[in-house]
Amino acid sequence: MNRRSIHSYTWIPKWSTEDGAYAAERAAAFGYGQLVVPIRDHDSIEPAAIAALCERAGVRPVATSPLQVDNDISSTDPEVHRRGIERHCAALALARDMGADRMGGILYSAFGKASRVPSDANFQAAADGLRIVAERAASYGMLLALEVVNRYESNLINTAEQAVRMVKLIGADNVRVHLDTFHMNIEENDLLGALELAMPHLGYFEIDQNHRGRLTEGAIDFAPMLRRLKAANYQGLIGVEAFSSAVSHPDITAGVASWRNLFDHGDEVARDGQLLLDQHGL
């Protein structure tokens, strides 16, 4: 299996079937075998068409499923919590039908800057809800990957340690940790130490520069982490992600604060990722 993954937003402003076909073609042209398909607006997702475009390009979709405040699965409000479970289960069905074997992202809480410290009850609520979602995913033969993000995108899981704790609390064999170097660079004391801690549970490792632009221009040195993955014979997905105001839709730009033009075309990022992964035999 080609384990190299790249986000569709590298090339396109936001997801549509037509634009997604272009992203899939470009991903395949640079040797990526997986393409991230964000399931943000369920009405815009056409599973059969996505399955067909991915098959034509020779890539496999990797689904993500964000949550909002009114369907936050970590909420202690029973109705809000229930809506979070239902949204994820609906997204799983779409992901299954498009040919994905996993769904990831910030699955455990609403996306966005929170206004308070989460409680133990919020953490437990997320685990309880995701246990149900994981059971549904298992019935489809799919994995869940919990992306660890920085404090401005969630208040619940910001470190590898917290993600591992969540995985253990959920207690399902098909739940993994997703590490992203952009977020790690903000929150972790020791990038290699965080990778080591997550390694037994790691299902997705994403390289993403400190400014979220070109991978070969920035403060993060990916080499030690990529060498460690190679030495550990890591078999999960390895992803590439970047954003630029020249590419992203205003909604996406606002969501990830990609205010600057950090590249003009996604091919620049795809080539950077290809170079880095080739250098490390991944």
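Note that the coordinates shown come from a computational prediction; the quantities given were computed from them, not determined experimentally.

Caption draft 1: Up close: the packing of helix H7 (residues 191-198) against helix H8 (residues 223-231). One way to put it is that H7 packs onto H8 with a least axis distance of 10 Å and a crossing angle of 25°. One finds that H7 runs roughly parallel with respect to H8. Remark: the crossing between H7 and H8 carries right-handed chirality. Counting all contacts with H7, which are made through Leu-191, Leu-192, Leu-195 and Glu-196, the residues of H8 involved are Pro-224, Met-225, Arg-228 and Leu-229. Of the residues belonging to the contact of H7 with H8, the class tally is six nonpolar, no polar and two charged.

Caption draft 2: Main features of the sheet that holds strand S1 (residues 4-7). Taken in spatial order, the eight strands of this closed barrel run S1-S2-S3-S4-S5-S6-S7-S8, and their pairing is parallel. Averaged over neighbouring strand pairs, the angle between their axes works out to 30° when direction is ignored. Note: strand S5 (residues 143-147) against strand S6 (residues 175-180), four bridges, orientation parallel. When the bridges of S6 are listed, Leu-146 appears paired with Val-177.

Caption draft 3: Quick peek at the packing of aromatic side chains. Inspection of the entire model under this criterion finds zero aromatic pairs. Here Arg-96 stacks its cationic end above the ring of Tyr-140, 4.3 Å away from the centre of that ring. The aromatic ring of Phe-123 is capped on one face by Arg-165, whose charged end is 4.2 Å from the ring centroid.

Caption draft 4: Inspection of the UniProt feature "domain: Xylose isomerase-like TIM barrel" (unreviewed entry) in the chain at higher detail. As recorded in UniProt, the sites labelled "domain: Xylose isomerase-like TIM barrel" (unreviewed entry) are residues 30-252. Helix and strand shares over residues 30-252 are 40% and 16% respectively, and the end C-alpha atoms of the span are 24 Å apart.

Caption draft 5: The arrangement of unusual backbone geometry in detail. Look at Asn-233: it is not a glycine, yet its phi comes out positive at around 55°. Inspection of the secondary structure puts Asn-233 in the loop between H8 and strand S8 (237-240). Judged by its relative accessible area of 54%, Asn-233 falls in the exposed class. The residue Ala-257 is not glycine, and still its phi comes out positive at about 60°.

Caption draft 6: Region of the structure containing the pairing of strand S3 (residues 60-64). Of all five residues in S3, four are buried; the element is thus mostly enclosed. Bridge analysis of strand S2 (residues 34-38) against S3 gives five bridges, and the strand direction is parallel. Considered in S3, the bridge of Val-36 is made with Val-62. Two elements, S3 and strand S4 (residues 102-105), share two bridges in a ladder whose sense is parallel. When the bridges of S4 are listed, Thr-64 appears paired with Gly-104.

Caption draft 7: Highlighting the pairing of strand S7 (residues 202-207). Summarising burial for S7: six of the six residues are buried, a large majority. Across four bridges, S6 lies against S7 in parallel orientation. Each residue of the ladder has a partner; that of Leu-179, found in S7, is Phe-205. The parallel pair S7 and S8, bridged by H8, forms a crossover whose chirality is right-handed.

Caption draft 8: The nonpolar core, seen in detail. Leu-179, Phe-205 and Leu-229 are the most contacted members of the largest nonpolar core, which has 86 residues in total. Those residues in contact with Leu-229 that sit more than four places away from it in its chain are Leu-195, Met-199, Leu-202, Phe-205, Tyr-234, Ile-238 and Leu-282.

About the cut-offs
Residues numbered from 1 in each chain as written. Predicted model: local features only at pLDDT ≥ 70, side-chain atom pairs only at ≥ 80, totals over all residues. Heavy atoms only, no water. Axes fitted to C-alpha atoms, helices over the stretch in contact; angles between N-to-C directions. Helix = DSSP H or I, 4+ residues; strand = E, 2+ residues; numbered from the N terminus. Parallel < 35°, antiparallel > 145°, perpendicular 65-115°, else oblique. Left-handed = near helix turned anticlockwise from the far one by under 90°. Contact = heavy atoms within 4.5 Å. Nonpolar A, V, L, I, M, F, W, Y, C, P; charged D, E, K, R; others polar. Pairing = 2+ DSSP bridges. Phe/Tyr/Trp six-rings, centres within 6.5 Å; stacked < 30°, edge-to-face > 60°. Lys NZ or Arg CZ within 6 Å of the ring centre and 35° of its normal. UniProt positions renumbered as here; feature names shortened; annotations may be inferred. Buried < 20%, exposed > 50% of the residue type's maximum accessible area, 1.4 Å probe, protein only. Right-handed = clockwise from strand over helix to strand, strands pointing away. Core = buried A, V, L, I, M, F, W, Y, C linked by side-chain atoms within 4.5 Å.

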